[in-house]
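# Understanding the architecture of this molecule
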Amino acid sequence: MALIPAPTVRFAPSPTGRLHIGNARPALFNWLFALRHGGRFILRFDDTDKERSTQAFAEGIAEDLGWLGVAPHAVFRQSDRTALYDAASDRLRASGRLYACYETPDELDRRRKRQLARGLPPIYDRAGLRLTDAERAAHAAEGRAPHWRFLLEPRQVAWTDLVRGDAHVDCASLSDPVLIRADGGYLYTLPSVVDDLDMGITHVIRGEDHVTNTAVQIQIIEALGGTAPVFGHHNLLTTASGEGLSKRLGHLSLASLRDAGMEPLAVAALAVLVGSADAVRPVDSLDELAGLVDLAHVSRAPARFDEAELEHLNARVVQQMPWEAAAPRLAALGIGGGEAFWLAIRGNLARLSDVEGWWRIVAGEVEPVVEDRDFLAAALASLPEGNCDAGTWKLWTDAVKATTGAKGKALFMPLRRALTGLDHGPELGPLLPLMGRDRIARRLRGEKA
Ligand code: GLU
């Protein structure tokens, strides 16, 4: 993929809920695109829906993005920018592209049903355009406020999509979109275009549920005399059984994935690699991930989110986490042991918090599992004198083997059970210096230590 000079991208969530793994995808695709090409990433809250947008959700989304490692270069709120949308709608009105309509939702509904009954496509019939001044005045006298529709040109709109390649939508089959509601509030379509132009957005990367919007928005951009950005529409995420993800699916929210111990890098890697031609694989950084993502490899088919796949990827991310990344996390958990401890146990972690169990085994108390006291007494007698070090395990187990005749599982399992209280776990050799001779000796005697 050739480098694109300094692109500007944006993620434009409506603050009407927290992010889930599905709507984190456009955030990540945009962020990784900016990282890859040395561009800027704008976070824009599409909060023109005053009823459903809240400050708390905006803050929650910012927190979710921060957890993922997405750090916007600038943050905007559409509710601060109404004057720009007013100016743009004035221009569209003046050029005859924005017209007043007075139908109530009921009237529109009845009209749609009549069209369908006659086998006609349910497209708005542009009755608003044909109103006389007298009819308009009569509506006003009745206290009816108009809503405003954009007059679409009945033509094909085509673009080269970053994901889908040649894309086109026939606008002759669309209703003229309502841009402004009767209460004067802006719907999503116009503010998005005005902001994309004003903010110099060069690439709009979003879900394929916006393909039709793109055709409409390209017409609006042209009507405003602007230049359309490059568009890319990624596939949408479904559950493993193929249902769409909705904001109500709380357990797939980023906050709950975080609480369940999922690593942001695992969530991010799965979010952008699932449903693409590139294999899902663990990464050590978003920079590394940015180098792996290619929008042209994103599939046209829906991407399926499988929690088991996330668990598996999470384990791989944790198991290959370098000490530098783990150190501050362990310090925050009050865990010592340094790099030696980390390298000894990371291969046994499914999530980072599992480290606490291994730290307890190294530095806390264990109830030893003792089946053969004599064997353990012989093992204790063979334990080399002095501090344990990297060579202790080999010397010790060779000596135990020589004195007891035990080998293989019969040699190692009783030692593991006595020292850790468990049947499974990391290699014991590197743990011995961390446990220390005294603790080892007490556990071999069957003492809780
Ligand atoms: N607020 C819109 C959404 O969340 C933004 C879509 C876009 O990226 O233009 O779907």
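These lines cover the structure that appears in this document, whether it is placed above or below. From a predicted model like this one, the values you see are computed outputs, not experimental measurements. (Residues numbered from 1 in each chain as written. Predicted model: local features only at pLDDT ≥ 70, side-chain atom pairs only at ≥ 80, totals over all residues. Heavy atoms only, no water.)

## A closer look at the site of the ligand
- The immediate surroundings of the ligand are formed by Arg10, Ala12, Ser14, Asp46, Tyr188, Ser192, Arg206 and His210.
- At 3.4 Å from a nitrogen atom of the ligand is found a side-chain nitrogen or oxygen belonging to Ser14.
- Between the ligand and Tyr188 there is a distance of 2.6 Å, counted from an oxygen atom to a side-chain nitrogen or oxygen.
- Taking 300 Å² as the accessible area of the ligand by itself, protein coverage stands at 78%.
- Each residue belonging to the shell around the ligand can be placed in one class, and the counts come to 2 nonpolar, 3 polar and 3 charged. (Near = heavy atom within 4 Å. Polar contact = N/O pair within 3.5 Å; in protein donor to acceptor, adjacent residues only side chain to side chain. Areas by Shrake-Rupley, 256 points an atom, 1.4 Å probe, with all protein chains shown as cover. Nonpolar A, V, L, I, M, F, W, Y, C, P; charged D, E, K, R; others polar.)

## Topic: the sheet that holds strand β2 (residues 40-45)
- Pairing is parallel across the open sheet formed by 3 strands, whose spatial order is β1-β2-β3. In this open sheet, the two strands that pair with only one neighbour each are β1 (8-11) and β3 (74-77). Taking each pair of neighbouring strands and ignoring which way they run, the sheet shows an average axis angle of 25°.
- Here β2 pairs with β3 via 4 bridges, running parallel. Residue pairing for β3: Leu43 is matched across the bridge by Val75.
- Of the strands in this sheet, β1 and β2 are in contact with helix α1 (residues 21-37), which crosses β1 at around 165°. (Pairing = 2+ DSSP bridges. Helix = DSSP H or I, 4+ residues; strand = E, 2+ residues; numbered from the N terminus. Axes fitted to C-alpha atoms, helices over the stretch in contact; angles between N-to-C directions. Contact = heavy atoms within 4.5 Å.)

## Considering the packing of aromatic side chains
- In total, this model carries 6 aromatic pairs according to the counting rule given.
- Between Trp393 and Trp396 the ring centres are 6.0 Å apart and the planes differ by 75°, which places this aromatic pair in the edge-to-face class. Of this pair, Trp393 and Trp396 both sit in helix α16 (residues 392-404), separated by 3 residues, roughly a single helical turn. Just as Trp393 is buried, Trp396 falls in that class too.
- An aromatic cluster is built from Trp393, Trp396 and Phe412, whose rings are joined through pairwise contacts. (Phe/Tyr/Trp six-rings, centres within 6.5 Å; stacked < 30°, edge-to-face > 60°. Buried < 20%, exposed > 50% of the residue type's maximum accessible area, 1.4 Å probe, protein only.)

## Description of the pattern of salt bridges
- Scanning the model with the defined rule gives 35 salt bridges in all.
- Close ionic contact of Glu63 with Arg18 constitutes a salt bridge, the shortest N to O distance being 3.9 Å. Separated by 45 residues along the polypeptide, Glu63 in helix α2 (residues 55-68) and Arg18 in the loop between β1 and α1 bring together distant segments of the chain.
- With relative accessibility at 29%, the residue Arg18 sits in the partly exposed group.
- With a closest N to O distance of 3.0 Å, Lys113 and Asp109 form a salt bridge. Pair noted here: Lys113 and Asp109 are both in helix α4 (residues 105-117), with a separation of 4 residues, about one helical turn.
- Residue classification places Lys113 among the exposed positions, given a relative accessible area of 54%. (Salt bridge = Lys/Arg side-chain N within 4 Å of Asp/Glu carboxyl O.)

## Topic: the side chain of Asp176
- Looking at the element boundaries, Asp176 is found in the loop between β7 (165-170) and β8 (178-180).
- For Asp176, the side chain forms a polar contact with the side chain of Tyr99, separated by 2.5 Å.
- Side-chain polar atoms of Asp176 contact the side chain of Arg126, separated by 2.6 Å.
- Excluding residues within four positions of it along the chain, Asp176 makes contact with Tyr99, Arg126, Arg149, Phe150, Leu151 and Leu152.

## Focus on unusual backbone geometry
- Residue Ala6 is not a glycine yet carries a positive backbone phi of 40°.
- Residue position: Ala6 is located in the segment before β1.
- Relative accessible area serves as the criterion here: at 54%, Ala6 is assigned to the exposed category.
- Even without a glycine there, the phi angle at Arg126 is positive, about 65°.
- Assignment of secondary structure puts Arg126 in the loop between α4 and α5 (133-141).
- Its relative accessible area of 26% is what places Arg126 among the partly exposed residues.

## Points about the nonpolar core
- Ranked by size, the top nonpolar core spans 51 residues in total, and within it Ile21, Leu68, Val267 and Leu289 carry the most contacts.
- Discounting residues that sit within four places of it in the chain, Val267 has contacts with Ile21, Trp67, Leu68, Leu254, Leu257, Met262 and Leu310. (Core = buried A, V, L, I, M, F, W, Y, C linked by side-chain atoms within 4.5 Å.)

## What about the packing of α1 against helix α9 (residues 264-273)?
- Direction vectors running N to C along α1 and α9 enclose 90°, while the axes themselves pass 9 Å from each other. In terms of orientation, α1 and α9 fall into the roughly perpendicular class. Together, Ile21, Arg25, Leu28, Phe29 and Leu32 of α1 and Val267, Ala268, Ala271 and Val272 of α9 make up the contact between the two elements.
- When the residues that make up the contact of α1 with α9 are grouped by side-chain class, the tally is 8 nonpolar, no polar and 1 charged. (Parallel < 35°, antiparallel > 145°, perpendicular 65-115°, else oblique.)

## As for the sheet that holds strand β5 (residues 147-150)
- Strand order in the open sheet formed by 3 strands is β4-β5-β8, with antiparallel pairing between adjacent strands. Where the open sheet ends on each side, the last strands, each with one partner, are β4 (98-101) and β8. On average, each strand axis in the sheet is tilted by 45° relative to the strand beside it, whichever way the strands run.
- With 2 bridges connecting them, β5 and β8 associate as antiparallel partners. Bridge assignment links Trp148 to a residue of β8, and that residue is Ile180.

## Concerning the side chain of Arg443
- For Arg443, the position within the fold is in helix α19 (residues 437-444).
- Put simply, Arg443 is tucked away with no salt bridge, and the nearest opposite charge, on Glu365, sits 8.2 Å away.
- Dropping the residues within four chain positions of it, Arg443 is found in contact with Arg360, Ile361, Gly364, Glu365, Val366, Pro368, Ala418, Leu419, Met435 and Ala449. (Lys, Arg positive; Asp, Glu negative; His and termini not counted.)

## With respect to the environment of Ser173
- Structurally, Ser173 is set in the loop between β7 and β8.
- A relative accessible area of 46% places Ser173 in the partly exposed class.
- For the pair formed by Ser173 and Pro154, sequence separation is 19 residues and the distance between their alpha carbons is 7.7 Å.
- A distance of 2.8 Å separates a polar side-chain atom of Ser173 from the backbone oxygen of Asp170.

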